[in-house]
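What the coordinates show
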Amino acid sequence: MAFANASHFTIGEAQFISTSSYYELSNDNDALRTLLKASAINATTESAYVSYAPTCHPSTRRTVSNDLMTWARDGRPDAMSMLWLSGPAGGGKTCIQRRIVELCKADDMFAGCFFFSTRYPDTSTENRFIVTLAAQLMQSVPQITPFLVDAVKKDPTILQKSLEVQMKTLIFSPLEASHRRRSSSGLKALFRSLKSKASSQTPRIIVIDGLDECVEEREQAHILRLVHEMATHPHFPFRFIIASRPEYTIRTMFSSPPLSDLSRVIRLETYKADRDVHLYLQTEFERLRLTHPAASSIPAGWPFAEDGDMLVSKASGQFVYVATVIKHLDNPRRNPVVELRHILDLHTDVNDVNPFSELDALYTKILHPPNVDIPLLRGILHAILHNKGHEFKRPSAIDSVLGLDPGTCDMALMDLHSVVAVEPTIITSPPTTKNDVPISFHHKSLADFLMSPGRAGDLYQSKDETHSKLAMAYYRLALRSSNDDGTHDSSKIDHDFGPSLDQADAGVYPASAFHHAILVENWSLFEREFVRDTFPKFVEQHFFGTVASAQWHDSWSITFFWGIDQCSDLYHQCLVRTRVQRPKTLNPDLTWILSLLSLSARQDKDVCGPAKG
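First, a word on what this report is: a plain description of the structure on this page. Keep in mind the model is a prediction, meaning the values are calculated, not measured.

**Section: the overall build of the protein**
In terms of regular secondary structure, the protein is built from 28 helices and 12 strands. When each of the 613 residues of the protein is scored for burial, the buried share is 53%. With an accessible surface of roughly 28,200 Å², the protein has 52% of that area assigned to carbon and sulfur atoms.

Okay, structure coming up:
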C-alpha cells in the first residue's frame, strides 16, 4: 500500500530509513503512525497474501483488460466517473482487477485500491475503507500528507467516527487545503500534478474489488453511496473501477439513479473466455508434466486434445472450475492422469438446468474421497462456513470446539486442500501455522454449493442446525475450560482437546456461543441435555457468577455490541426454557447487562412456552 518498498525519504520530522527494516517517528508524527496502522494492508495489492494469490496468465483476459484500460485512460471532462465490472462467481474478476492495478501503475495513473475479501476480518467490512484509501492517497498526492496528518492530530478519535466524517476529514479537507496552498485560482495546479506522464488528459484511478464480499448488504450499499459522493465532489479528481458479483443490492444500485447516470457497466460473462481457459490449462498441464512426483509415468502429449476441449466445455467460462481441477491434480499423493480421467468421467443429470452442475459434480467428487466419514466432514465444513466470533486458524482449533480427538480435522481435510485453504502446520510447541490465516474456502462457490440441499446432497446441513450445534459446542467448551469460579483454566482443555488455546481465544467462547444461539430460529434443534443442564451451568458460572473474571465481561461486551435487542430476546427465552432463577447476589460488573436485558424480558415474557421434554 502507501510507502511500500520506499526508503530514505522524510515526512516532516519522521525519518524513514527502510520499510523492510524499521521506521522511526517523532512524537509529532504519532498521527501518521496511527493512520497507517489503522489501514488494511490486506486490502491492497502489496500484502503478503497477494504474493501467493492467483494471477492472470499474460496472454489471457486481454480483451476485457483493454476495454477497462481504454475507459480508464479517457480524460474527457464528460467521461463517466464509475465503471462496474459485473461477473459470476469464479469468473476471474479479482485477477483482472489486480492486472488493472499493475497497468495503472505502469501508466502512472494509479491512486489507490481496496480489495474486499471474506478471508480477513479487516477486508470483509466497510470499517477500514476510507482510512485505507486515505493512506494510499498520501503517496498518489503527496502534497496532502501534512494536512491529513494534521487532521488526525487535531482529532485522534476520527478513526472511530462515521465513514462520512472520515471521508470529509481525511480526504476532502486535505485535498481542499492542498488546492488553496498550491493555487489561488482553484484546482488547476492540483490537476496538473495529477496528470499522467504519458498523457496530459489521463486521470487517476481507484480500484475496488469484491464488493459482494463485504458481508453486510447494508455496508455494500453504504460503500456505493460513499463512492458516489467522492465521484461527484468537485475536489476529488479520481475515477472508480468496481468489480463484484451481480448481487441484488449492488446491481439494483447500479441500475438506478444516481449511480446509473454516472456509471458504465461491463458484464464479464459477455466475453468469450474459452480461449483464455484453454491457455491457462496448457500452461498448468505443462507445469504438472514437469514437476509432479508422478511425472515419469505421465504419457507424452497428456492430456490429449479432446480431454482439454472437454475441460474447457465443462468450465463454461468459469476459471474457478479449471482452477479447482488443477488444485486437485496438484495433489502429490495422487496420479494426475488417473484423477483427470475420473473428473472427465463425472456425469450430471442432462435435464439439470443448474448452471453450476459441472462444478457441483467436481465438488462432489473431491469431497467424497475413499472411506470419507460424511457426518464428520459435513460438520467440519459447515462449522468453517458459519463459525462466528472465534476464528479457526488451524485444524486443532476445530477439534477443540467440536470436541473431536486431536488430529481428527487434519485427517478429514487432508485431501481437500484444493477447495479448503488450510495453512501448513509448523511443528512447534504449541503447533503454529505459517501465516496465522483463518481456515476458509478457496472459492465462494463452495459455500453456495454447501448451502443448497439440491446441490450438496449428503453434505447439506441447514444454517439452523449448524448454529445450534456450534452454540452447544462453544457453551460446553466454555464450561470445560473454566474453574468453578468462572476463571479460565487452559489445562482443562489441553488433555481433552489437543494443543493449548490462547487465553484471548478462550475469552470469546461465551460470546461465540451466544452469537450462534441467537441465530437459531427453531429451538427444538437444541438437545435436551443442553437446555436442561449445559446452559444453566453456563449462566451460573459466567453470567451470574459473583467472582466472574473480567475476561467474561469483555466477551459479553462483544456480544452486546453485536446486538443488544437480539441478545436480550434470546436470553429471556433461555431463562423461560431452562427455568433458571435470577440469583440474589450479582457480580457488580455484570449488573449493567441485566438492566439492559430486563427491558426486553418484561416486554417479551410470553414469547415462548415451557421447555420441551
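**Quick word on the sheet that holds strand E5 (residues 110-115)**
On the basis of which strands lie adjacent, the open sheet formed by five strands has the order E5-E6-E7-E4-E8 and parallel pairing. Among the strands making up the open sheet, the edge pair consists of E5 and strand E8 (263-267). Put simply, the sheet's adjacent strands are angled 15° from each other on average, direction ignored. Judged from the five bridges that link them, strand E4 (residues 82-86) and strand E7 (residues 238-244) form a sheet pairing that is parallel. From the neighbouring strand, Trp84 faces E7, where its bridge partner is Ile242. Running over the sheet, helix H2 (residues 62-72) touches E4, strand E6 (204-209), E7 and E8 and is turned about 155° from E7. Its contacts with the sheet place helix H8 (residues 217-231) against E4, E6 and E7, and it is angled at close to 160° to E7.

**Re H2**
Side chains of residues three or four places apart in an α-helix project in the same direction, reflecting 3.6 residues per turn. Among the residues of H2, Val64, Ser65, Leu68, Met69, Trp71 and Ala72 are the ones counted as buried. Looking down the long axis of H2, one finds its buried residues gathered within 155° of arc, a one-sided arrangement. Exposed residues lying more than 90 degrees from the buried face of H2 are Thr63 and Thr70. Where H2 is buried, its residues touch E4, helix H3 (93-106), E6, E7 and E8.

**Some thoughts on helix H5 (residues 145-154)**
Buried residues of H5: Thr145, Leu148, Val149, Ala151 and Val152, and no others. Burial along H5 is one-sided: seen end-on, the buried residues are contained in an arc of 155°.

**A word on unusual backbone geometry**
Keep in mind that most residues, glycine aside, have a negative phi and that most peptide bonds are trans. With an omega of 5°, the peptide bond between Pro257 and Pro258 qualifies as cis. For the peptide bond that leads from Trp302 to Pro303, omega is -10°, which places it in the cis range. Its place among the elements puts Pro303 in the loop between helix H11 (274-291) and helix H12 (305-315). Although it is not a glycine, Asp108 adopts a positive phi angle of roughly 60°. Along the chain, Asp108 turns up in the loop between H3 and E5. Asp108 gets classed as partly exposed once you look at its relative accessible area, which sits at 25%.

**What about the nonpolar core?**
Counting 57 residues, the largest nonpolar core has Leu281, Phe285, Leu311, Tyr321, Leu367, Leu413 and Val420 as the members making the most contacts within it. Looking at which element gives the most residues to this core, the answer is helix H13 (residues 319-329), with eight residues. Each residue touching Val420, except ones within four places of it in the same chain, is listed here: Leu381, Ile384, Ile439, Ser440, Phe441 and His442. If you look at the next biggest cluster of nonpolar residues, it comprises 52 residues, including Ile130, Leu148, Ile158 and Ile206.

**Describing the side chain of Arg239**
Summarising the element assignment, Arg239 is placed in strand E7. Buried Arg239, no salt bridge; nearest opposite-charge side chain is Asp74, N-O distance 5.0 Å.

**As for the packing of H12 against H13**
Between H12 and H13, the shortest axis-to-axis distance is 8 Å and the interhelical angle comes to 130°. For the element pair H12 / H13, the angle class is oblique. Pair H12 / H13 crosses with right-handed handedness. Contacts from Leu311, Lys314 and Ala315 in H12 reach Tyr321, Val322 and Val325 in H13. The class makeup of the residues in the contact of H12 with H13 is five nonpolar, no polar and one charged.

**Considerations on the pairing of E4**
Burial of E4 is extensive: five of the five residues sit out of reach of the surface. Both faces of E4 are covered, namely the face carrying Met82, Trp84 and Ser86 and the face carrying Leu83 and Leu85. Here five bridges tie E4 to E8, and the two strands are oriented parallel to one another. Residue pairing across strands places Trp84 opposite Val265, the latter belonging to E8.

**Observations regarding the packing of aromatic side chains**
Inspection of every chain in the model, using the stated rule, returns 10 aromatic pairs. Ring geometry for Phe172 versus Phe236: centroids 6.3 Å apart, planes at 80°, classification edge-to-face. Of this pair, Phe172 sits in helix H6 (residues 163-182) while Phe236 is found in the loop between H8 and E7, placing the two residues 64 residues apart along the sequence. In this structure Phe172 comes out as buried when scored by relative accessible area, which is 5%. Owing to a relative accessible area of 3%, Phe236 belongs among the buried residues under this scheme. Taking 5.9 Å as the distance between ring centres and 10° as the angle between the ring planes, the aromatic pair formed by Phe236 and Phe240 counts as stacked. As far as the burial class goes, Phe236 and Phe240 line up, both buried. A connected cluster of aromatic rings, assembled from ring pairs, spans Phe172, Phe236, Phe238 and Phe240. Above the face of the Phe110 ring, Lys105 is positioned so that its terminal group lies 5.2 Å from the ring centre. Above the ring of Trp71, the side-chain terminus of Arg239 is found at 3.8 Å from the ring centroid.

Conventions adopted
- Residues numbered from 1 in each chain as written.
- Predicted model: local features only at pLDDT ≥ 70, side-chain atom pairs only at ≥ 80, totals over all residues.
- Heavy atoms only, no water.
- Helix = DSSP H or I, 4+ residues; strand = E, 2+ residues; numbered from the N terminus.
- Buried < 20%, exposed > 50% of the residue type's maximum accessible area, 1.4 Å probe, protein only.
- Areas by Shrake-Rupley, 256 points an atom, 1.4 Å probe, with all protein chains shown as cover.
- Pairing = 2+ DSSP bridges.
- Axes fitted to C-alpha atoms, helices over the stretch in contact; angles between N-to-C directions.
- Contact = heavy atoms within 4.5 Å.
- Arc of directions from axis to C-beta.
- Core = buried A, V, L, I, M, F, W, Y, C linked by side-chain atoms within 4.5 Å.
- Lys, Arg positive; Asp, Glu negative; His and termini not counted.
- Salt bridge = Lys/Arg side-chain N within 4 Å of Asp/Glu carboxyl O.
- Parallel < 35°, antiparallel > 145°, perpendicular 65-115°, else oblique.
- Left-handed = near helix turned anticlockwise from the far one by under 90°.
- Nonpolar A, V, L, I, M, F, W, Y, C, P; charged D, E, K, R; others polar.
- Phe/Tyr/Trp six-rings, centres within 6.5 Å; stacked < 30°, edge-to-face > 60°.
- Lys NZ or Arg CZ within 6 Å of the ring centre and 35° of its normal.

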